[in-house]
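# Architecture and fold: a report
One-letter residues, chain by chain:
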Amino acid sequence: TRFLNLRYLSPDTLKQMLTAIPTIVTIPLLCLGLLCAMVFQIGALCHAFSVANIGLTPTLRGMLVAAAESCRKYLNPRNWMIIPFLLFLMPITSVMALSNSSLSVVIPGFILDFIAQNDLYSFLLLVVYLILFLVSFAGIFAPLLFLAYDIPFNKAYRKSCRLTRRHYWEIFLSVAM
C-alpha cells in the first residue's frame, strides 16, 4: 500500500490498488516466483526420495540439479495446467504441505463478512470450496507423477485420480495427520 500511496486497504481502495500498473506487473511476478519455489521444492524432494528408495544417499548437488530440471519441465506449454493447480487449488485447500503453504490464498475478511450475511452465498461458498477440495485432493499425486514418469500434467492428473479413487479415506487420514 505504501508503494501505491495508499494509507490502508479497504473495499473502496481495492479497485485502485488492483488497477495500478505496479500491481499489474508485480502480481504475475510474485505468482511466478511462488510457482518456481514450489516446483523447485517438489523436484528436489522427489529426487531425494527416489534416490533414497534405491539405497543411495541423496546429495545436495543432485537435488539442486533435479529441482532445476523440474522447473524447466514445468515451463513447457503442454504442462501449463499445473500452474493454476499449484498456485490456487493446492493453497486454497491446503492439501499438499509444502514449506511455503503458509502463503495460502485467503479470502479477505470483508468479503467473508458479506458472504456470511447471506445464507445462499454461504452455501455457495461451501459448495465451491468442496468442489475445489475434491479436485485438488484427487490430484494430490499429480505433481509427483508428472516428475517421476515424465508425462504431461493432464495425464499425471488423470493417473492421480485413478490412484486416489479406491483409497480416498486412507489418503485423507494420512494427509490430515
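A quick note: this is a predicted structure, and the numbers were derived from the prediction, not measured.

Let's shift gears to the confidence of the model for the chain. The predicted coordinates ought not to be read in detail in places where the model reports low pLDDT. With 82% of its residues at a pLDDT of at least 70, the chain reaches an overall mean of 79. Within the chain, the element-level pLDDT minimum falls on helix 4 (residues 82-93), averaging 67, and the maximum on helix 8 (residues 153-165), averaging 89. Taken as a whole, residues 97-103 scores under 50 in pLDDT and shows 10 contacts with residues more than four places along the chain or in a different chain.

Here we come to the pattern of salt bridges. Within the structure shown, the criterion is met by one salt bridge. Salt-bridge contacts for R72 lead to E69; the nearest nitrogen and oxygen are separated by 2.4 Å. Note that R72 and E69 are positioned in helix 3 (residues 60-74) at a spacing of three residues, about one turn of the helix. Residue classification places R72 among the exposed positions, given a relative accessible area of 51%.

Given 3.6 residues per turn, any residue in an α-helix points the same way as the ones three and four places further on. With 13 residues, helix 8 should cover 18 Å at 1.5 Å per step; its first-to-last C-alpha distance of 18 Å lies within 8% of that length. Those residues of helix 8 that fall on the buried side of the exposure criterion are F153, A156, S160, C161 and T164. All buried residues of helix 8 fall inside an arc of 145° around its axis, so they share one side.

It is worth spelling out the packing of helix 7 (residues 142-149) against helix 8 at this point. Across the interface, helix 7 lies against helix 8 with an axial gap of 8 Å and an inter-helix angle of 120°. Viewed along their axes, helix 7 and helix 8 adopt a mutual orientation that is oblique. Two packed elements cross with a definite hand, and for helix 7 against helix 8 that hand is right-handed. Along its contact with helix 7, which presents A142, P143, L145 and F146, the element helix 8 presents F153, A156, Y157, K159, S160 and L163.

In terms of nonpolar packing, the biggest core is built from 19 residues, with Y74, L86 and F146 touching the most fellow members. Elements represented by at least two residues in this core include exactly helix 2 (21-53), helix 3, helix 4, helix 7 and helix 8. The element contributing the most residues to this core is helix 2, with six residues.

The rules we used
- In every chain, residue numbers begin from 1 and rise along the written sequence.
- Only residues with pLDDT of at least 70 are given local features in this predicted model, and only at 80 or more are side-chain atom pairs given and counted; all residues enter the totals for whole chains, interfaces and linings.
- Side-chain metrics rest on all non-hydrogen atoms present in the structure, leaving aside hydrogens and water.
- Per residue, pLDDT measures the predictor's confidence, with a range of 0 to 100.
- Only runs of H or I of at least four residues qualify as helices and only runs of E of at least two qualify as strands under DSSP, and these elements are numbered from the N terminus.
- By the convention used here, residues are in contact when the closest approach between their heavy atoms is within 4.5 Å.
- Salt bridges are defined as contacts in which a side-chain nitrogen from Lys or Arg sits within 4 Å of a carboxyl oxygen from Asp or Glu.
- Each residue's exposure class comes from its accessible area (1.4 Å probe, protein chains only) as a fraction of the maximum for that residue type: buried when under 20%, exposed when over 50%, partly exposed otherwise.
- Helix span is expected to be 1.5 Å times the residue number reduced by one.
- The directions from the helix axis to the C-beta atoms are what the arc is built from.
- Only the stretch in contact is used when fitting a helix axis, every axis being a line fitted to C-alpha atoms; angles between N-to-C directions are given from 0 to 180 degrees.
- Should an angle lie under 35 degrees it is considered roughly parallel, over 145 roughly antiparallel, and from 65 to 115 roughly perpendicular; all remaining angles are considered oblique.
- Take the far helix as the reference: if the near one is turned anticlockwise from it by less than a right angle, the crossing is left-handed, and if turned clockwise, right-handed.
- Residues grouped as a nonpolar core are buried Ala, Val, Leu, Ile, Met, Phe, Trp, Tyr and Cys residues, joined through side-chain atoms within 4.5 Å.

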